[in-house]
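# Fold and geometry: a report
For reference, the chains in residue letters:
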Amino acid sequence: MSSIAIKTCAERSKNSAHLPLLAVAGLAAATATFRREEEEKTQNFFFKGDKKESVADMKAKFSTYWPRNIMILFGPPGAGKGTHGPKVENMLGIPQLSTGDMLRAAVAAQTEVGKKAQAVMKAGGLVSNDIVIGIIRDRIKEKDCNLGFILDGFPRTLEQAKALDKMLADEGAAVSKVVELEVPDSVLEERICGRWIHKKSGRSYHVKYAAPKSMKLSSDSKPIPETMLDDETGEPLMQRGDDTPTALVKRLKGYHGETVPILNHYKPNGVVASVNANQQMDGVWGEILEALKRS
Ligand code: ADP
Ligand code: AMP
């Protein structure tokens, strides 16, 4: 395609040799614009053999005929789901759906769901299956989930996993990958208690392992809250009400008792991949990339 465009431009330039100078200059500028436009158009096409197809047509085909990429980022609180989810989101162009973020937004807006969830969340308990299943059922119908989505914090009980399977099976789909972030409980308190988040985006920071650029420490080496700002927007970061040692005990009990059995539910499907999340973030990311590849 671009070779045709270039040939056309060359022919135009050749013809221009007979025109007065000013007209030639004008034509050269027009030719450059034409070439740029042709190149831009070319970049928005895929080639299939000698045929071309627009990106929009390809996207429509993917969202109509290809199976959706449905991933679960799995792991205890503090494992790194919120750290690595946005990178998967950027790489694959499918949204990360965090039930924790959605519930926190509902609490902040004091919706009916938010009012029901508030106290149990603060204490580190689980919100009722009906509420979270309802939230996910509605959310995955949205257009941005057409090509797939990354679940973070859902499913958390076998009942939720079965409800998810059922809603996917109704459209001939299924969970395509479960990436388990393996971390010993012993490292989680430090991670959780040092975590600061940007509420709007869910971006996760840590006073020691992933400090925001703006962070300044007081004389007793504690972060000065006013200096904890999101790197991208400059907006204030906050600490979660449930990121406390006491709530973590309850959250981990729920994780081991109710959430871990979900792995055995998906293992027979051959979709579970485990990653060592007890290493530096870059190393974790490298293993996640491997886990996401087709085997
Ligand atoms: P989750 O979403 O699974 O609860 P986060 O991604 O928010 O966990 O991570 C919890 C905290 O631990 C954050 O403050 C984050 O910066 C930090 N963290 C994440 N991965 C690592 C790692 N591999 N090493 C050290 N700290 C990490
Ligand atoms: P998270 O941000 O994933 O750590 O979730 C924060 C809190 O939201 C949890 O401790 C629960 O109280 C609640 N929550 C989030 N997702 C779920 C879920 N799938 N089922 C039940 N409760 C949930």
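What counts as what
Residues numbered from 1 in each chain as written. Chains lettered and ligands numbered in written order. Predicted model: local features only at pLDDT ≥ 70, side-chain atom pairs only at ≥ 80, totals over all residues. Heavy atoms only, no water. Helix = DSSP H or I, 4+ residues; strand = E, 2+ residues; numbered from the N terminus. Buried < 20%, exposed > 50% of the residue type's maximum accessible area, 1.4 Å probe, protein only. Contact = heavy atoms within 4.5 Å. Areas by Shrake-Rupley, 256 points an atom, 1.4 Å probe, with all protein chains shown as cover. Phe/Tyr/Trp six-rings, centres within 6.5 Å; stacked < 30°, edge-to-face > 60°. Near = heavy atom within 4 Å. Polar contact = N/O pair within 3.5 Å; in protein donor to acceptor, adjacent residues only side chain to side chain. Nonpolar A, V, L, I, M, F, W, Y, C, P; charged D, E, K, R; others polar. Pairing = 2+ DSSP bridges. Salt bridge = Lys/Arg side-chain N within 4 Å of Asp/Glu carboxyl O.

Moving on: the overall build of the protein chain. For the protein chain, the helix and strand inventory stands at 12 helices and 9 strands. Among the 295 residues that make up the protein chain, the fraction classed as buried is 38%. Pairs at least 24 residues apart make up 68% of the contacts formed inside the protein chain by residues separated by at least 6 positions. Entry remark: accessible area of the protein chain is about 17000 Å², with carbon and sulfur atoms responsible for 55%.

If you trace the backbone, Ala-173 turns up in the loop between helix 8 (158-169) and strand 6 (177-182). In the structure, Ala-173 is positioned 106 residues away from Pro-67 in sequence and 6.6 Å away in space, judged by C-alpha atoms.

A few words on the packing of aromatic side chains. On inspection of all chains with the given rule, the structure shows 2 aromatic pairs. With a centroid separation of 4.4 Å and an interplanar angle of 45°, the aromatic rings of Phe-62 and Trp-66 are classed as tilted. You can call Trp-66 partly exposed: its relative accessible area is 48%. When the ring of Phe-74 is compared with that of Tyr-255, the centres are 5.9 Å apart and the planes differ by 50°; the resulting orientation is tilted. You can see Phe-74 sitting in strand 3 (residues 69-74) and its partner Tyr-255 sitting in helix 10 (residues 245-259), a full 181 residues away along the chain. Just as Phe-74 is buried, Tyr-255 falls in that class too.

This brings us to the site of ligand 1. Taken together, the neighbourhood of ligand 1 is formed by 19 residues, with Gly-82, Thr-83, Arg-195, Ser-204 and Tyr-205 sitting nearest. With respect to ligand 1, the side chain of Arg-191 contributes an N or O atom lying 3.5 Å from a nitrogen atom. Calculation on ligand 1 without its partners gives an accessible area of 560 Å², and the protein chains cover 94% of this total. Listed by contribution, the elements that provide at least two residues to the shell around ligand 1 are helix 4 (81-92), strand 8 (204-206) and helix 12 (281-292). Residues of the shell around ligand 1, tallied by class, amount to 9 nonpolar, 7 polar and 3 charged.

Taken together, 16 residues lie near ligand 2, and Thr-99, Gly-125, Gly-153, Gln-160 and Arg-240 sit nearest. A distance of 2.8 Å is found between a nitrogen atom of ligand 2 and a side-chain nitrogen or oxygen belonging to Thr-99. In the complex, the protein chains occlude 97% of the 480 Å² of accessible area that ligand 2 would expose alone. A total of 4 residues in the shell around ligand 2 trace back to one element, the largest contributor, which is helix 5 (residues 99-108). Split by residue class, the shell around ligand 2 holds 6 nonpolar, 5 polar and 5 charged.

Before going further, it helps to examine the pairing of strand 6. Counting buried residues along strand 6, 5 of its 6 residues qualify, which places the element largely inside the surrounding structure. Here 4 bridges tie strand 3 to strand 6, and the two strands are oriented parallel to one another. Residue pairing for strand 6: Met-71 is matched across the bridge by Lys-177. The pairing of strand 6 with strand 9 (residues 272-276) spans 5 bridges and is classified as parallel. Within the sheet, the bridge partner assigned to Val-178 lies in strand 9 and is Val-272.

Okay, the pattern of salt bridges next. Within the structure shown, the criterion is met by 16 salt bridges. Arg-195 is the partner of Asp-243 in a salt bridge, and the nearest nitrogen-oxygen pair spans 2.9 Å. With Asp-243 in the loop between strand 8 and helix 10 and Arg-195 in strand 7 (residues 195-197), this residue pair connects regions lying 48 residues apart in the sequence. As far as burial versus exposure is concerned, Asp-243 and Arg-195 are alike and both buried. Across the salt bridge formed by Asp-242 and Arg-240, the nearest N and O atoms sit 3.0 Å from each other.

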